[in-house]
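Chain by chain, the residues:
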Amino acid sequence: GYSRRLHRFLAMSDKEGLLPLRFACRCGKVEGTASNAPFQFLICNCDDCRDSIAHVCSKLDGKEDRSGTYSKYVDEYGGVATPTFWKSEVQIKQGLELLEGYIMVKNSELVRFFAKCCNTPICFSHRQAPSIAVLAANFDAKSRQRLGKPSKRIMTKHALKEPPSDPPVIAGFGLGFICLLLKFICCCCCYASERKANPVPYPDTPVLVTRVWEIWVSKKQD
């Protein structure tokens, strides 16, 4: 809630001043910043988040490199940590031309982006939403410390195994998830005046990718 966001904002106000949160791809050719703390920080266990990272990692050379990069973004429970910012707070400082958009579902408005230079998953955003989610693993060490801990874990019906209770779990589409969704919708309405073009321009026809099922990709345990 507001107190958590305020806490993160104050944590950013250290003796060095209001430094932006910094993120980058693995090779450093793509760099970006977020000028404020995220208004929402979740761990998502949905198949699309997990599979979208597997798709990008499948482009890497060698099983070890693929599995190592995949595990950097996907935890042992199949969750992906995604702090969400307003689009007006995020800037790509360099390497914008190296970002490529793709979708996991046909005709989806949710577009995900990766850096072609080193095959790093970077961020995702809905075309009509005023927000953009940047993968937490892409932030530098100091910025990750300022991000704090995720406040919730969602879509746990797709988890690879039973997740811990910290952060709190919102299972399926129950009351907790609906409340979280309503909060997000209200925030979007309140910040409608801040809506502007996505810091990462959407492609006219994003690539629809196929699901990747390789031995190094974790699968849900029956």
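Everything discussed here concerns the structure shown above.
Residues numbered from 1 in each chain as written. Predicted model: local features only at pLDDT ≥ 70, side-chain atom pairs only at ≥ 80, totals over all residues. Heavy atoms only, no water.

Overview of the overall build of the chain
Moving on, step 1. On a plain count of helices and strands, the chain comes out with five helices and 14 strands.
Moving on, step 2. For the chain, with 222 residues in total, the buried portion stands at 48%.
Moving on, step 3. A fraction of 71% describes how many contacts in the chain between residues 6 or more apart in sequence connect residues 24 or more apart.
Moving on, step 4. Element-wise, carbon and sulfur atoms account for 55% of the exposed surface of the chain, whose accessible area totals about 11,100 Å². (Helix = DSSP H or I, 4+ residues; strand = E, 2+ residues; numbered from the N terminus. Buried < 20%, exposed > 50% of the residue type's maximum accessible area, 1.4 Å probe, protein only. Contact = heavy atoms within 4.5 Å. Areas by Shrake-Rupley, 256 points an atom, 1.4 Å probe, with all protein chains shown as cover.)

Quick word on unusual backbone geometry
For residues other than glycine, phi is negative in most cases, and the peptide bonds are mostly trans.
Moving on, step 1. Following Asp-166, the chain continues to Pro-167 via a peptide bond in cis, the omega torsion being 5°.
Moving on, step 2. Among the secondary structure elements, Pro-167 is positioned in the loop between strand E12 (152-154) and strand E13 (169-170).
Moving on, step 3. Even without a glycine there, the phi angle at Asn-119 is positive, about 55°.
Moving on, step 4. Assignment of secondary structure puts Asn-119 in the loop between strand E9 (110-115) and strand E10 (120-126).
Moving on, step 5. Unusually for a residue other than glycine, Met-155 sits at a positive phi of about 55°.
Moving on, step 6. Within the secondary structure, Met-155 is located in the loop between E12 and E13.

Quick look at the environment of Pro-163
Moving on, step 1. Its place among the elements puts Pro-163 in the loop between E12 and E13.
Moving on, step 2. Look at Pro-163 and you get buried, because its relative accessible area is 11%.
Moving on, step 3. Separated by 118 residues in the primary sequence, Pro-163 and Asn-45 have C-alpha atoms spaced 9.7 Å apart.
Moving on, step 4. With near-sequence residues (within four places) excluded, Pro-163 lies in contact with Tyr-77, Arg-153, Thr-156 and Val-169.

What to know about helix H2 (residues 47-57)
At 3.6 residues per turn, the α-helix brings residues three or four places apart onto the same side.
Moving on, step 1. Counting buried positions along H2 gives nine out of eleven residues, so the element sits mostly inside the fold.
Moving on, step 2. Turning to H2, its buried residues are Cys-49, Arg-50, Asp-51, Ser-52, Ile-53, Ala-54, His-55, Val-56 and Cys-57.
Moving on, step 3. The secondary structure elements touched by the buried residues of H2 are strand E5 (40-44), helix H3 (63-73), strand E6 (80-86), strand E8 (99-103), E9 and E10.

Describing the pattern of salt bridges
When the charged atoms of two side chains lie near each other, side chains of opposite charge can form a pair.
Moving on, step 1. Inspection of every chain in the model, using the stated rule, returns six salt bridges.
Moving on, step 2. The salt bridge involving Asp-47 is made with Arg-50; its shortest N-O contact spans 2.9 Å. Here Asp-47 pairs with Arg-50, and both are found in helix H2, just three residues apart, close to one helical turn.
Moving on, step 3. By relative accessible area, Arg-50 is classed as buried at 5%. (Salt bridge = Lys/Arg side-chain N within 4 Å of Asp/Glu carboxyl O.)

Looking at the sheet that holds E9
Moving on, step 1. Spatial strand order, E13-E12-E5-E6-E11-E10-E9-E8-E14: nine strands in an open sheet with mixed pairing. The open sheet has two edge strands with one neighbour each: E13 and strand E14 (207-208).
Moving on, step 2. Here E5 runs beside E6; their pairing, made up of five bridges, is antiparallel. Opposite Leu-42, over in E6, you have Thr-82 as the bridge partner. (Pairing = 2+ DSSP bridges.)

Some points on the environment of Arg-153
Moving on, step 1. Considering the arrangement of structural elements, one finds Arg-153 in strand E12.
Moving on, step 2. On a C-alpha basis, the gap between Arg-153 and Ala-81 in space is 8.8 Å, while along the polypeptide they are 72 residues apart.
Moving on, step 3. In contact with Arg-153, not counting residues within four places along its chain, are Ile-43, Asn-45, Asp-75, Tyr-77, Gly-79, Pro-163, Pro-167, Pro-168, Val-169 and Ile-170.
Moving on, step 4. Here Asn-45 takes part through its side chain, which lies 3.1 Å from a polar atom of the side chain of Arg-153. (Polar contact = N/O pair within 3.5 Å; in protein donor to acceptor, adjacent residues only side chain to side chain.)

A closer look at the packing of aromatic side chains
Moving on, step 1. A full pass over the atoms with the stated rule returns five aromatic pairs.
Moving on, step 2. Relative to Phe-139, the ring of Phe-85 has its centre 6.1 Å away and its plane inclined at 45°; by these criteria the two rings are tilted. Highlighted residues: Phe-85 in strand E6 and Phe-139 in the loop between strand E11 (131-134) and helix H4 (141-147), separated in sequence by 54 residues.
Moving on, step 3. Among the residues examined, Phe-85 registers a relative accessible area of 0% and is labelled buried.
Moving on, step 4. Arranged with centres 6.1 Å apart and planes meeting at 45°, the rings of Phe-113 and Tyr-202 form a pair that is tilted. You can see Phe-113 sitting in strand E9 and its partner Tyr-202 sitting in the loop between helix H5 (175-190) and E14, a full 89 residues away along the chain.
Moving on, step 5. One aromatic cluster is present, built from ring pairs that chain together Phe-23, Phe-85 and Phe-139. (Phe/Tyr/Trp six-rings, centres within 6.5 Å; stacked < 30°, edge-to-face > 60°.)

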